Amino acid sequence: MEDKKTQLSSAGESSRPAIGCRGLDSDESCEGTSEGSFKDAVVYDGAQKNNGAVPQENGIKKHRSSLPAPMFSRNDFSVWSILKKCIGLELSKITMPIVFNEPLSFLQRISEYMEHTYLIQKACSQSDSIERMQTVAAFAVSAVASQWDRTGKPFNPLLGETYELTREDQGFRLISEQVSHHPPISAFHTESLAGDFVFHGSIYPKLKFWGKSVEAEPKGTITLEIYKHKEAYTWTNPFCCVHNIILGKLWIEQYGTVEIVNHSTGEKCVLNFKPCGMFGKELHRVEGYIQDKSKKKRCVIYGKWTECMWSVDPQVYEAHRKLEKKGTTDTKKQKPEEPESVNEDADEMPEVQETVAVIPGSTLLWRISSRPPHSAEMYNFTNFAVTLNELEPGMEGVLAPTDCRLRPDIRAMENGNMDEASREKERLEEKQRAARKERAKDGEEWSTRWFQLGTNPYTASQDWLYTGGYFNRKYTDCPDIY
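Residues numbered from 1 in each chain as written. Predicted model: local features only at pLDDT ≥ 70, side-chain atom pairs only at ≥ 80, totals over all residues. Heavy atoms only, no water.

## Things to note about the overall build of the protein
Helix and strand counts for the protein come out as eight helices and 21 strands. In the protein, which comprises 482 residues, the share counted as buried stands at 56%. Taking as baseline every contact in the protein between residues at least 6 positions apart, the subset at least 24 positions apart corresponds to 67%. Total accessible area computed for the protein in this model is approximately 20400 Å², and 49% of it derives from carbon and sulfur atoms. (Helix = DSSP H or I, 4+ residues; strand = E, 2+ residues; numbered from the N terminus. Buried < 20%, exposed > 50% of the residue type's maximum accessible area, 1.4 Å probe, protein only. Contact = heavy atoms within 4.5 Å. Areas by Shrake-Rupley, 256 points an atom, 1.4 Å probe, with all protein chains shown as cover.)

Below is the structure:
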């Protein structure tokens, strides 16, 4: 049994952030994403006052705050020449020019789920199950927030590719692996360093091109287990669509119903990510409710996945709706509350304009962090995402040889060398094809290293489950994929 407190030694890995998410992927991977922040962690009792949104000394190291090179201009490239023959088709086998990528693997995108780990820790500390469900719902929404304006697609992980992330300051470590190539499936497992929770899942988004947009249909279940309360929550992610692929300004919307189930109490949270609508009034809006096992509504949750989420009593919400129809509401668009003891370095970060009309009596559950002022030159990365591919001296001797920090095409793109990145991407894909043909010739089946196909104990659906052992650092039998 591997020690849950095992840390990355001497490599600085233990201080690196992770998060997951989802992003557009087309060649052979999936989509990943999530953003948000801990700016309002002060709102929660016992939560961290600093959420890691700005580089700081945390007792371990200081995270980088920018990429080595600005992003390459996409203005001279036409995606239409590639996509015009693909309308209505699934895009997992379509190779896109590297200029439409961002310098992260989809496995690194998945790690962006963990940007708001403080919300899971908050849920662990709450004694009331409805309050825990509110916090878990906020975490589920925050996990897709990093997709806002992230129109570049992450690199498709190679079969057998891995990514690890240990954050001592946020109290977790994560391991992910590309467990299938066709269809592309990415499995991840995150555990609390204090033994409070595990968060895991396997993701397979199907991508389709519809003439003007690319739609990602979410596949796969996400599971959060909170040990203290002996609870398990499961949910799936909303649909994601990137508009104006051919002409105009790219923009993203999330839509669909997300149902979060507490399998221990029978409580359920239903969140409706609303589609844009004809006049755009519903763009980014999320609205839903929590019901107990007797199906009684206990609270209403509302907000925007790009801004913030609030909760309010159902009766107060209904009364407000009635007044709203009469045009007599006193709803106000509130400015973000400033956390106590704010670091002055954070003042230069651009504030996100808040447009959610707050119902009096509401409780703030989560609010997104501002992105770095130069985010537009860095693929619209969050502060958290900027750190994910950081490779320090000495880390290569600690990481598994399959870790995507070691991928030469992603590294070249991050450094601004697009020609080298394109050549390396082609070489790696050809190497992967040759290896697949060799296995077929010898009658060999691919064997995953850290996950195995099994059954989710809460949903009874097929799931990829972590088998353990990764952090024992025995990588002698890892495949040579780079």
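## Quick notes on a positive patch on the surface
There is a patch of like positive charges on the surface, built from Arg321, Lys322, Lys325 and Lys326. You can see Lys326 is positioned in helix H5 (residues 314–326). (Patch = residues over 30% accessible without salt bridge, like charges linked within 9 Å, V, L, I, M, F, W, Y side chains within 5 Å. Salt bridge = Lys/Arg side-chain N within 4 Å of Asp/Glu carboxyl O. Lys, Arg positive; Asp, Glu negative; His and termini not counted. Charge placed at Lys NZ, Arg CZ, Asp CG, Glu CD.)

## Some remarks on the pattern of salt bridges
In the structure shown here, the tally under the stated rule is 20 salt bridges. The salt bridge involving Arg433 is made with Glu430; its shortest N-O contact spans 3.2 Å. A residue pair is termed a helical-turn pair when its members lie 3 or 4 positions apart in one helix, as Arg433 and Glu430 do in helix H8 (residues 418–442) at three residues. Owing to a relative accessible area of 30%, Arg433 belongs among the partly exposed residues under this scheme. You can call Glu430 partly exposed: its relative accessible area is 42%. Where Asp477 meets Arg449, a salt bridge forms, and the shortest distance between an N and an O atom there is 2.8 Å. With a gap of 28 residues between them, Asp477 in the segment after strand E21 (462–466) and Arg449 in the loop between H8 and strand E20 (451–455) connect regions that are remote in the sequence. Arg449 sits in the partly exposed class, given a relative accessible area of 25%.

## Concerning the UniProt feature "coiled-coil region" (unreviewed entry) in the protein
Using the residue numbers shown here, the UniProt feature "coiled-coil region" (unreviewed entry) corresponds to residues 411–445. Secondary structure across residues 411–445 divides into 83% helix and 0% strand, with the first and last C-alpha atoms of the span separated by 30 Å. (UniProt positions renumbered as here; feature names shortened; annotations may be inferred.)

## Concerning the environment of Asn383
One can find Asn383 in helix H6 (residues 383–386). Taking the C-alpha atoms as reference points, Asn383 and Arg371, separated by twelve residues in sequence, lie 6.3 Å from one another.

## Re the pairing of strand E9 (residues 222–226)
A regular strand carries its side chains on alternate faces of the sheet. Among the five residues of E9, five are classified as buried, and the element is accordingly described as predominantly covered. Summarising the sheet, E9 and strand E10 (residues 231–235) pair through five bridges and their orientation is antiparallel. Residue pairing in the sheet places Glu225 in a bridge with Ala232 of E10. Counting the residues between successive antiparallel strands, the hairpin from E9 to E10 contains four residues, one of them, Lys230, with a positive phi of roughly 50°. (Pairing = 2+ DSSP bridges.)

## Quick look at the nonpolar core
As a rule of thumb, soluble globular proteins bury nonpolar side chains together. Among the nonpolar cores identified, the biggest contains 76 residues, and Phe199, Trp235, Ile260 and Leu271 are the most heavily contacted of them. Ile175, Phe451, Trp464 and Tyr466 belong to the second largest nonpolar core, which has 13 residues in total. (Core = buried A, V, L, I, M, F, W, Y, C linked by side-chain atoms within 4.5 Å.)

## So, helix H4 (residues 129–142)
The end-to-end C-alpha distance of H4, which contains 14 residues, comes to 20 Å, matching closely the 20 Å that a straight helix rising 1.5 Å per residue would cover. Along H4, 13 of the 14 residues are buried, which leaves the element largely enclosed by surrounding structure. Measuring from the backbone nitrogen of Ile130 back to the side-chain oxygen at the start of H4 gives 3.1 Å, which picks out Asp128 as the cap. (Expected span 1.5 Å × (residues − 1). Polar contact = N/O pair within 3.5 Å; in protein donor to acceptor, adjacent residues only side chain to side chain.)

## Focus: unusual backbone geometry
The omega torsion across His182 and Pro183 is 0°, close enough to zero to call that bond cis. With respect to the helices and strands, the residue Pro183 is situated in the loop between strand E4 (172–180) and strand E5 (185–192). One non-glycine residue, Asp149, lies in the positive phi region at around 65°. Here Asp149 is to be found in the loop between H4 and strand E2 (153–155). The partly exposed category is assigned to Asp149, whose relative accessible area is 28%. For Ala460, which is not glycine, the phi dihedral falls at a positive 65°. Along the chain, the position of Ala460 falls in the loop between E20 and E21.

## What to know about H8
The first and last C-alpha atoms of H8 sit 36 Å apart over 25 residues, in line with the 36 Å expected at 1.5 Å per residue. Inspection of H8 places Met418, Ala421, Glu424, Lys425, Leu428, Glu429, Gln432 and Arg439 among the buried residues, and these make up the whole buried set. One or two steps after H8, the chain reaches Gly443, where phi turns positive at roughly 70°.

## Side note on the side chain of Thr162
Position of Thr162 among the secondary structure elements: in strand E3 (residues 162–167). Within the structure, Thr162 has its side chain in polar contact with the side chain of Thr402 (distance 2.8 Å). Only 3.4 Å separates the side chain of Thr162 from the backbone nitrogen of Asp403, close enough to count as a polar contact. Setting aside its immediate chain neighbours within four residues, Thr162 contacts Leu107, Ile175, Ser176, Glu177, Ala400, Thr402, Asp403, Cys404 and Trp450.

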